[in-house]
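Notes for the structure review
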Amino acid sequence: MRSLWLLAIVGLSLYAAEVVQVGDKFKDSGKCKACHSHIVRQWDSSWHAKSHYDNDEYLRKTIDYVARKDNRKSLNTIKIECAACHNPRISVTSTSAEYEAIAALKLDKDSAATKAINNNGISEGINCVVCHNIDQIHDNLPDSKRGINRVSWMPSGIMTGPYGDAKSPYHKVEQRDFMDTNPNQLCFVCHANDTSEEGHRFIDMQVEFKSGGKQCVDCHMSPRKDGVAATLRDVNGQAHKRLIREHGFKGGHVESMWQDALKVEVRKSAGGLDVTLVNPQPHALPSGFGSREILVEVQYMNGNKVIKNDTLSLTTHYLSKRNKPTIAHLAAKTQDSASIPAQGSKTLTLPMYSGVNQVLVSVSYRLVNDEVRGLLDLKDPIWSKKMVIKKVNLKL
Ligand code: HEC
Ligand code: HEC
Ligand code: HEC
Ligand code: HEC
Ligand code: HEC
């Protein structure tokens, strides 16, 4: 028995996340601007750049809500848990029972945990030195180990990238396959699965992913195209021409990305009105983070007169251990889950009414469903904005 404990302890320490300090020369994206200004600009508009308590209202209010409902853990402990993927260059990766006791008395102002959270080195969220300082990704670890717990870092000042022959006067470089032939491995460090405070797996994006076709970077960065990696001129007075990808990481928050993300077929059937949503993407939609929503709104018309409006919502609802509606991070179970499977389809049957000679169907996406927006009191209009996927007009 004792040796089992010993094994468990050794095992845990082997799995512990490793911290490597990033030198001031490389800490923030501003340091890369002189030679990679186009990349910095694109990344700056992405939601990777907003992944910090201060910069994303949804993230902040979720962290506050979890800390309020979970009275075993302090706000800082929750922030550190979430940092595993949201702020992986944080210098403290867990807190102890002693820390919780000090935090409860509000005596933690000078603690390492508080300093790590307030360090402006993490305020840029998922910045250049998150992805480009990864040395190895440990896919032999259990699949619950993500983010900071799945990678080891390069010494500060070495950038991993796609090229085998790059030279930079500012930093050392090393080629890695997860920057080149196997970029999904990099994205899955964080975009794979997540588990609630109650141990409920509420996202499983890697499991639902249909590999074989395009990679995440083909659609969420850009296809490879001609350009320059660095604007710095070399000895011939030229910037080196390269195949590059954009760094916008455009996804669910970007309205233009939703246009035609699904195919929509509408027809009259014996049961009423059939709306079929076809998903050509290699992952489900909605996918990834819970409480996203696809809305199907139908307007039944007679000539110019609206006879009736119906709305169907495809989203996921979660229940707490007391069976109350809650957010994903506090879920004990999933109450119901509705999304359109990867490279699959779903047919919804709506009623038909007499006198209808035309239906207008609008399919759109919202970042947060009504339930969670209400629980968290989210204010920014982006969370409730309907981003149009497709509109179909059917004359009967
Ligand atoms: C395993 C890695 C991981 C951990 C740990 C993690 N997240 Fe996330 N989180 C993600 C990823 C990846 C996304 C983006 C996925 C998407 O948009 O579908 C995300 C998105 C979110 C969003 C949506 C943000 C937005 O702008 O729409 C919220 C809110 C959030 N996380 C809260 C939390 C909280 C609170 C914690 C800690 C209790 C946490 N996350 C821990 C990986 C993680
Ligand atoms: C003084 C100019 C300069 C600065 C500042 C600079 N770089 Fe570079 N970087 C270069 C040059 C030059 C290359 C090589 C370009 C080429 O070969 O096409 C390069 C290449 C890279 C590569 C590709 C490496 C590979 O092997 O594929 C990455 C990634 C990178 N830089 C990241 C960064 C980051 C992150 C920062 C900020 C912390 C930064 N650079 C700051 C000049 C600079
Ligand atoms: C270190 C963890 C991590 C890695 C690695 C990572 N992401 Fe993310 N990603 C996140 C988190 C966390 C968010 C949510 C940030 C927020 O909204 O505050 C996110 C957001 C996104 C979004 C925006 C989603 C939306 O709904 O708008 C896209 C797209 C995305 N990531 C694509 C990628 C791709 C492609 C890769 C691989 C090249 C990648 N990510 C690698 C953690 C990561
Ligand atoms: C979420 C992970 C992620 C983040 C954050 C990120 N990159 Fe990249 N970057 C990549 C991937 C993946 C590639 C490889 C693209 C490919 O397949 O050629 C890449 C490629 C590059 C290259 C080679 C040229 C190109 O565009 O393909 C440079 C230079 C670079 N990144 C610099 C930066 C800088 C500077 C930042 C911060 C402003 C940054 N990256 C942020 C994932 C990331
Ligand atoms: C063939 C193109 C394609 C590939 C490959 C792809 N996606 Fe997407 N993804 C989309 C489209 C289209 C959407 C819907 C519009 C949007 O959010 O960009 C989407 C949405 C998302 C969202 C937001 C989902 C939601 O419901 O809120 C995330 C997060 C995401 N993708 C991450 C990834 C990751 C991680 C990978 C790789 C494992 C990946 N995607 C591969 C096309 C793709």
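Residues numbered from 1 in each chain as written. Chains lettered and ligands numbered in written order. Predicted model: local features only at pLDDT ≥ 70, side-chain atom pairs only at ≥ 80, totals over all residues. Heavy atoms only, no water.

Let us now look at empty space enclosed by the protein. Tallied over the entire structure, the rule returns two cavities of 30 Å³ or more. Of the volumes computed, that of the largest cavity is approximately 160 Å³. Lining the largest cavity are 14 residues, with Gln-21, Val-22, Lys-27, Arg-89 and Gly-121 sitting closest to its centre. A breakdown of the residues in the lining of the largest cavity according to their chemical character gives seven nonpolar, five polar and two charged. What the second largest cavity holds in volume is close to 40 Å³. If you go around the second largest cavity, the residues you meet are Tyr-58, Thr-62, Phe-289, Ser-291, Ile-327, Ala-328, His-329, Val-372 and Leu-376. Contributing elements (two or more residues each) for the lining of the second largest cavity: α3 (57-69) and α12 (370-376). Taken together, the residues of the lining of the second largest cavity sort by class into six nonpolar, three polar and no charged. (1 Å grid on protein atoms, 1.4 Å probe; cavity = no way out; pocket = protein on both sides within 12 Å on 5 of 7 lines; lining within 4 Å. Points joined across faces, edges and corners; volume = space filled by probe spheres on them. Nonpolar A, V, L, I, M, F, W, Y, C, P; charged D, E, K, R; others polar. Helix = DSSP H or I, 4+ residues; strand = E, 2+ residues; numbered from the N terminus.)

Right, let's talk about the nonpolar core for a bit. Within the largest apolar cluster, 42 residues are counted, with the highest numbers of intra-cluster contacts made by Leu-277, Ile-294, Val-296, Val-298, Val-361 and Val-363. Taken together, the elements giving at least two residues each to this core come down to α3, β9 (263-269), β10 (272-278), β11 (293-302), β15 (345-350), β16 (358-366), α12 and β17 (387-395). Looking at this core, the element that brings in the most residues is α3, giving six residues. Three or more residues apiece are contributed to this core by two domains, here domain 1 (15-215) and domain 2 (255-395). Those residues in contact with Val-363 that lie beyond four places of it in its chain are Leu-262, Val-264, Leu-277, Ile-294, Leu-295, Val-296, Met-387, Val-388, Ile-389 and Lys-390. In terms of nonpolar packing, the next biggest core, distinct from the first, is built from 24 residues, Ile-80, Ala-84, Ile-117 and Cys-131 among them. (Core = buried A, V, L, I, M, F, W, Y, C linked by side-chain atoms within 4.5 Å. Buried < 20%, exposed > 50% of the residue type's maximum accessible area, 1.4 Å probe, protein only. Domains from an automatic or database assignment. Contact = heavy atoms within 4.5 Å.)

Another point: the domain arrangement of the protein chain. If you check the domain split of the protein chain, you get domain 1 (15-215) and domain 2 (255-395). Each side of the interface is counted separately: domain 1 has 20 residues, and domain 2 has 32 residues. In this assembly, domain 1 packs against domain 2 so that about 2300 Å² is buried in total across both faces, 65% of it on carbon and sulfur atoms. Interface area lost by domain 1 to domain 2 is led by Tyr-58, Tyr-65 and Phe-202, which between them contribute 29%. Taken together, the links from domain 1 to domain 2 amount to one salt bridge. Of the charged contacts, one joins Lys-321 and Glu-198 as a salt bridge, the two residues approaching to 3.3 Å between their closest N and O atoms. Breaking the side of domain 1 that touches domain 2 down by element, the ones donating at least two residues are α3, β6 (201-204) and α9 (205-208). Take the side of domain 1 that touches domain 2: its biggest share by element is seven residues, from α3. (Buried area = accessible area lost by both parts, 1.4 Å probe. Salt bridge = Lys/Arg side-chain N within 4 Å of Asp/Glu carboxyl O.)

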